[in-house]
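Observations on chain architecture
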Amino acid sequence: MCSPEQKERYVNFYTDFAFKKLFGTEANKDLLIGFLNSLFDGQEEIKDLSYLNVEHLGHVATDRKAVFDVYCENQQGEKFLIEMQKADQEYFKDRSIYYSPFPIQEQAPQGQWNFNLERVYTIGILNFCFDDTDENYMHHEVKLFDTKSQKLFYDKLTYVYLEMPKFRKTEEELVTLMDKWLYAMKNLNSLMERPKALQEAVFKRFFEAAEIANFTPNEMYDYRESQKQMWDLYSVTTTAEKKGMK
């Protein structure tokens with residue numbers, strides 16, 4: 001009988017290790033650029049990214065620290081904060097809002113300044129659903145609007161949330177690049193080869209980087225540890241849900 005390890009060809013994208021390896025390393029920067037460009041669908045054209053320090057402290061020693069999953073900026077200085085969230089939490093939205101001021105406040109230079117800010121994007125890839133009102137509405141884009149006029153008040157702060165469990169398209173239904181990215185990310189661990197619908201060069205690179213057989217011994221160890229952490233989280237979550245139902 002085959003062991004679970006033998007059945008896997010590609011990593012589970014929802015593990016911290018896989019997410020940071022595929023989207024948070026200089027060697028795979030082109031993968032993140034491809035994903036972000038598909039996400040913005042022409043609104044943004046990112047040609048290059050620079051990774052920034054993911055650990056941020058407040059202005060004084062007593063301030064709470066924030067640690068981001070992936071934090072980078074494009075050639076115009078616009079900031080992108082990309083987070084993977086594996087499980088729902090009571091104050092998920094509050095947590096997301098709390099993180100966004102760090103990329104904003106760090107733009108203030110020493111000396112004179114006119115408060116002109118570069119855009120900040122907070123992007124959450126969620127392995128849970130927070131909106132039960134529409135089972136097909138999975139791609140949320142949130143900005144600041146005037147509640148009376150319904151006009152956009154400020155266009156430099158954007159929150160994007162992808163509720164991955166709501167993405168149910170089959171390979172035959174994939175149309176856009178964004179469809180293909182969501183399909184690849186959600187199904188990566190269960191695939192044994194690159195789907196025929198994903199023939200673009202960026203997906204060839206994505207599947208090569210995600211192939212477990214290409215890992216070094218240290219990478220293999222880190223991936224297995226990350227996998228165990230994800231299983232532990234799943235076990236705790238499902239146990240809590242069962243107790244709540246009782």
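Structure's up top.
Just so you know, these numbers come straight off a predicted model, no measurement behind them. (Residues numbered from 1 in each chain as written. Predicted model: local features only at pLDDT ≥ 70, side-chain atom pairs only at ≥ 80, totals over all residues. Heavy atoms only, no water.)

Below, the discussion takes up the sheet that holds strand β7 (residues 139-145). Strand order in the open sheet formed by six strands is β1-β4-β5-β6-β8-β7, and the pairing between neighbours is mixed. Sheet topology places β1 (49-51) and β7 at the edges, where each strand pairs with a single neighbour. The average undirected angle you get between the axes of adjacent strands in this sheet is 25°. Sheet topology note: the strand β6 (residues 120-126)/strand β8 (residues 152-163) ladder contains seven bridges and is parallel. If you follow threonine 122 over to β8, its bridge partner there is tyrosine 159. (Pairing = 2+ DSSP bridges. Helix = DSSP H or I, 4+ residues; strand = E, 2+ residues; numbered from the N terminus. Axes fitted to C-alpha atoms, helices over the stretch in contact; angles between N-to-C directions.)

As paired elements, β7 and β8 share six bridges and run antiparallel to each other. Paired with valine 142 across the bridge in β8 is tyrosine 159. Counting the residues between successive antiparallel strands, the hairpin from β7 to β8 contains six residues, one of them, glutamine 150, with a positive phi of roughly 60°.

What follows concerns helix α6 (residues 177-187). α6 sits mainly inside the fold: eight of its 11 residues count as buried. Among the residues of α6, Met178, Asp179, Lys180, Trp181, Leu182, Tyr183, Ala184 and Met185 are the ones counted as buried. Taken together, the buried residues of α6 touch α2 (16-23), α3 (29-40), β6, β8 and α7 (201-210). (Buried < 20%, exposed > 50% of the residue type's maximum accessible area, 1.4 Å probe, protein only. Contact = heavy atoms within 4.5 Å.)

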